[in-house]
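Results of the structural survey
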Amino acid sequence: MNRVLLLILFCMLSFGIHAQTFSVSGTVSEDETQMPLPGVNVVVKGTTNGVITDFDGNYSIENVSTGDVLVFSFIGYTSKEVTITNQESIDVILAVDSQALDEVLVIGYGEQRKRDITGAVSNVGAETISKLEPVNAAQALQGTTSGVNVTPTGGSPGAESNIRIRGISTNGQNKPLVILDGFQYEGGLNSINPQDIENITVLKDAQAAIYGTIGANGVILVTTKSGKKNQKAKVSYEGYTGIQETTRKLPVLNATEYALILNESYANAGQSLPFPNVNGLGAGTDWQDEVFQEAMVTSHNLSIVGGEEKITYSIGASNLKQEGIISPEKSQFERSTAKVTLNADLTDKLNVQTKLFYNSTESSTVNSFSLGSVLFNAANIAPTIDPSVSNLDGQINLGNEVVNPLTQLDNTYNKYITNRLSGTVQASLDYATNLNLQARLGFNTSNTKNRDFTPQFNYGTGKIYTNANSSVTLGKINDNDYTFDLFNTYENTFGDDHDVTFLLGMTAYETNGEGLYGSRTGVQANSWEFADLSSANGTGEEQTNSSYSYKLRRLSYFGRIQYAFQDKYLLSAMLRRDSSTKFGPNNRVAYFPSATAGWVISEENFFNEDGFLNFLKLRGSYGVLGNDQIPDFGYLALLNGEATYVLGQEQLLVNGRALGQLANPNLQWEEAKKFDVGLDANFLDRKFEFTVDYFINNRDNLLISNIPVSGIYGVGAPASGSPTINAGSVRNAGWEFALSYNNKFNDDFSLNASFNLSTLENEVTQVNGTNFIEDGNFGVGQPLISRMEEGKPIGYFYGYQTDGIFQNQAEVDAHPSQLALGAEAMPGDIRYRDLNGDGVIDNNDRTDLGNPIPEVTLGFNFGFNFKNFDFATYMFSNLGNDIVRNYERDQPNVNKMSYVLDRWTGAGTSNTVPRVSTAATANKVFSDFYIEDGSFARIQTVSLGYTIPSEFTQKVSIDRFRVYGKVDNVYTFTEYSGYDPTASTGAPIGGGIDLGFYPLPRTYMLGVNLEF
């Protein structure tokens, strides 16, 4: 009987326990966007009972009990555990795991976990790009990546940026290689829609050696957005509109100050005063106010992404319109883009992917950064002249260059249109266990056409811009290239301790193109509307035409092996063989080896991960990379020179062709030898991430084209020149530090901050065949001021060193003569140092005056999220570089900078600014008087956004609705007196010279982000 009662009781208990199981359902969403997450794993902890969320992030799991723990996990997000009480509905929000060491980064012909990377690699993700909303994608690297210095070529609409990775290494091409979704991209980052970018990875050391001869200047890998599997179609719109304004004006004299200074300068020369009566002149014309205007910028971006089990897709289109703050009707940039991405699993082993990019830009420009530019004229024209005066005859004589900048703008007509189609088609086949074969074809084709019109106009007697005839110039350029990659990857793990990845492949690259130009005078009706070659009726020698064509091929083979032992000892070795048609048969082929290694110290048994440090990795690398960025056929002598021949019985002079640049059949590659040692660490529960690197980059066998040779070779003939030879070397060394902090305190508040610092020491270690190479103009008729010379930074400034101002005649008499500089000194003139002690101030007393390369670059970024508000600010800084002030014209009657008000007017009045005089002086020769400290710190972006709560937006079928306000180029802290301390042409020799830099505008924006 007792046994029967026990059996009945046991059955009832079992039934009761079974009756307590139930189902739980809910939705899993993403923290930042509040969008549902498909494909999330939902598992009862400790069991195999689990499900995956559907397209809408919904799940339903059966047979769970009170006390069970549900684990929600998804790649790239922090896993979350929820204990079941008695609820039947559980909604979960997953946060992005920004500190995940399993984050996968693109490293060239493959991917690698962040924890396993043994090279110096920086990454900027879509979140940062979204907060910055840059007009130019290159701006996303500005201040966010250590070792990368980004400076704009100007503030004009559509201006590109100069990107330098770990310094300037060559006197030739220094820009990095851009790889867009696996293929070489020559369109420039400004032609890529920033909203299409998923992330940007920068390879700074020997990790880039997988790209061989084209990776010497570093590599920028751009990956665009793609759809995700099992994701319903998500429609996103991003748009903003903004107003731009100048951030600064040059401190010039007003009309009264100008007249008084001019009177004094004439009186000091013993001449009659040009303004006998200065009363009533007032402030006069502020020419910079006349030139600068507020301008608009607008952007629209629409994208659709989604996917099913076997196929994903991404479609997008954008339009950007930007006006210039100088004459918006004449200075404009418009960029339209379209993108299609398809990714399909045709079988379990075969995947096919294609990406197509269409880009169209249309721009109009003004002369913005040179002697004679609009800003150059605005700074130098007399403030006593009325803006309505177009012909300056009868006005005060300003020389033959300075004209009315408003008239100059009125007579500016041009248009540049570029249409570019780029793309890649890729197939990936898992043809055997652990083996994958990929084939990829990438291509670019672009068509550019330009039209320039110069109307007939008289700016005044003797003005060099006066045109007796109208003229039109047309140009059409077609550029094409393709890249074919075929590579095989083997991956395997042996005995749980040995992870091996072996890559073997080849790349074939070809680029070709042609251009056609023509110009003609006599445009019908002197009008832009009729500016075409067919309607112009000019005759004579001013009617010109020209054309060119080119073709370059490269064929490369490469291999890479990556090995990891117990996930703590890491090794990678690469070898690439390149052949290029840039070089002759003697040196066409070159080999580029490299190796990287790492030690994950935190995987050792003695390491206590529960302590302060959570992750620690030591790494090092060394490799050789190449550079072939030189003109074509330098190893051959071409008939592109000019000559005059005496022919026939009548001995007539006939124009013909002759040898141009001398040939050098022994040309060989530039070699970049890169060494790096670094340390990566995570600490305090992975909230902090720290990276430090020390690097040495030696560039040998520099390809230099202007080393002088004997005139016996005929290099002085028209269009001839010295041969290109391997004639120099440059060393860059420095430290890089990066520290970031990310912490989510609770569901309402999270904070992130990052700081990076880079130091750089640049030195030319060898120049063969000559003592120095020079470039860089200052004023008119003066010697070149920038040099490449052994023992000095590349492009350093070379001129006279000042020693104050002569206060009296006794000081003049006691000093060596300065007559060789153009005039004998007088009290009030600049005193120059006699550095060689020969008792004469002349060319032999010139010396090193400064370095245009920053010694330190900094970046600081900060942001937080509080409930539905988000805030972000980005700052960057350059320290230790010098700038040449070269926007002042050496003419007696032009306007002056306001520092002239502190001029010398008698003994003891000034020891920094010389006297004014229309007579000849040596005060205008290039010296440190014209060099200023270019250091600056800039608050680049401040952004504040608000996301409307989902309970309101979902009622109108909107998944996310964010509005934001943003200010770009907020404020620049600098002592530089010019428009912008980033002013530079970007030239290795001749950079850092400010010719009247088009200032970067400050932009006030309002924008929205919508997702459906």
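Here the structure is a predicted model, which means the values were calculated and not measured. (Residues numbered from 1 in each chain as written. Predicted model: local features only at pLDDT ≥ 70, side-chain atom pairs only at ≥ 80, totals over all residues. Heavy atoms only, no water.)

**Focus: the overall build of the protein**
Quick note on the threshold: The helix count covers DSSP runs of H or I at least four residues long, the strand count covers runs of E at least two residues long, and both are numbered beginning at the N terminus. For a compact globule the rule gives 2.2 Å times the number of residues to the power 0.38, and the radius of gyration it is set against comes from C-alpha atoms. Summary of the burial criterion: residues with accessible area below 20% of their type's maximum are buried, those above 50% are exposed, and those between are partly exposed, where the area comes from a 1.4 Å probe applied to protein chains only. Here a residue-residue contact requires only that any non-hydrogen atoms of the pair lie within 4.5 Å. Surface accessibility in these figures is a Shrake-Rupley result with a 1.4 Å probe; residues are shielded only by whichever protein chains are displayed.
When helices and strands are tallied, the protein shows eight helices and 52 strands. Its C-alpha radius of gyration of 33 Å places the protein within 12% of the 31 Å reference for a compact globule of 1012 residues. For the C-alpha atoms alone, the extent of the protein along its principal axes is close to 135 × 70 × 65 Å. Classification of the 1012 residues of the protein by burial places 50% in the buried group. Within the protein, contacts between residues separated by at least 24 positions form 70% of all contacts whose residues are at least 6 apart in sequence. Counting every atom, the protein has about 43900 Å² of accessible surface; 54% of that belongs to carbon and sulfur.

**Brief notes about the environment of leucine 571**
Considering the arrangement of structural elements, one finds leucine 571 in strand β27 (residues 569–580). Spatially, the C-alpha atoms of leucine 571 and alanine 597 are 4.3 Å apart, while their sequence positions differ by 26 residues. If we skip the residues at most four places from it in the chain, leucine 571 touches Ile561, Gln562, Tyr563, Thr596 and Ala597.

**Comments concerning the sheet that holds strand β1 (residues 22–30)**
Whether parallel or antiparallel, the strands of a sheet pair through hydrogen bonds between backbone atoms. What counts, and what does not: Strand pairing is assigned whenever DSSP detects at least two bridges linking the two strands. Helix axes are fitted only over the stretch in contact, all axes being lines through C-alpha atoms; the angle between N-to-C directions runs from 0 to 180 degrees.
Strand order in the open sheet formed by three strands is β4-β1-β7, and the pairing between neighbours is mixed. Both edges of this open sheet fall to β4 (58–64) and β7 (92–94), since each of them pairs with a single strand only. Strand-to-strand twist in this sheet, taken as the mean axis angle between neighbours without regard to direction, amounts to 35°. Judged from the three bridges that link them, β1 and β7 form a sheet pairing that is parallel. Each bridged residue has a counterpart across the sheet, and for valine 28 the counterpart in β7 is valine 92.

**Some remarks on the confidence of the model for the protein**
Rules: Known as pLDDT, the predictor's per-residue confidence is scaled from 0 to 100.
Per-residue pLDDT for the protein has a mean of 91; in total, 97% of the residues score no lower than 70. For the stretch residues 1–19, pLDDT sits under 50, and the model shows zero contacts to residues farther than four places along the chain or on other chains.

**Side note on the nonpolar core**
What counts, and what does not: Here the nonpolar core consists of buried residues drawn from Ala, Val, Leu, Ile, Met, Phe, Trp, Tyr and Cys, with membership extended through side-chain atoms lying within 4.5 Å.
Ranked by size, the top nonpolar core spans 40 residues in total, and within it Tyr258, Phe275, Val291, Ile326, Ile385, Ile396 and Leu398 carry the most contacts. Of all the secondary-structure elements, those providing two or more residues to this core are α3 (255–268), α4 (287–291), α5 (374–380) and α6 (405–410). Setting aside its immediate chain neighbours within four residues, tyrosine 258 contacts Leu253, Phe275, Ala382, Pro383, Thr384, Ile396, Leu398, Asn893, Val894 and Asn895. The next biggest cluster of nonpolar side chains, apart from the first, holds 25 residues, and it includes Ala138, Phe183, Val202 and Ile220.

**As for the pattern of salt bridges**
Definition in use: Salt bridge, as applied in this entry: a Lys or Arg side-chain nitrogen positioned within 4 Å of an Asp or Glu carboxyl oxygen.
Under the definition given, this model contains 44 salt bridges. Salt-bridge contacts for aspartate 181 lead to lysine 355; the nearest nitrogen and oxygen are separated by 3.1 Å. Pair noted here: aspartate 181 is in the loop between β13 (177–180) and β14 (183–184) and lysine 355 is in strand β21 (residues 350–364), with a separation of 174 residues, a long-range link. On the accessibility criterion, lysine 355 (4% relative accessible area) is buried. Aspartate 680 serves as the salt-bridge partner of arginine 619, at 2.9 Å between the closest nitrogen and oxygen. Here the residue arginine 619 occupies a position in strand β29 (residues 613–627), and aspartate 680 occupies one in strand β32 (residues 670–683), the gap between them amounting to 61 residues. The two residues arginine 619 and aspartate 680 agree in class, both being buried. Here the residues in one salt-bridge network are Arg166, Lys204, Lys617, Arg619, Asp676, Asp680, Asp693 and Glu736, joined through shared partners.

**Structural notes on unusual backbone geometry**
Non-glycine residue arginine 166 carries a positive phi angle of around 55°. In this fold, arginine 166 is placed in the loop between β12 (161–165) and β13. One non-glycine residue with positive phi stands out, namely asparagine 969, at about 55°. With respect to the helices and strands, the residue asparagine 969 is situated in strand β50 (residues 960–974). Overall, the relative accessible area of 3% leaves asparagine 969 in the buried class.

**Some thoughts on α3**
The periodicity of an α-helix, 3.6 residues per turn, causes residues three or four places apart in sequence to face the same way. To be explicit about the condition: Helix span, as expected, comes to 1.5 Å for every residue beyond the first. Counting of polar contacts relies on pairs of N or O atoms within 3.5 Å, with two restrictions inside protein: one atom must be capable of donating a hydrogen and the other of accepting it, and residues adjacent in sequence are counted only when both atoms are side-chain atoms.
The terminal C-alpha atoms of α3, which comprises 14 residues, lie 20 Å apart, in line with the 20 Å expected from a rise of 1.5 Å per residue. When we look at burial in α3, the residues that qualify are Ala255, Tyr258, Ala259, Ile261, Leu262, Asn263, Ser265 and Tyr266. For α3, the capping residue at the N-terminal end is asparagine 254, with a side-chain oxygen 3.2 Å from the backbone nitrogen of threonine 256.

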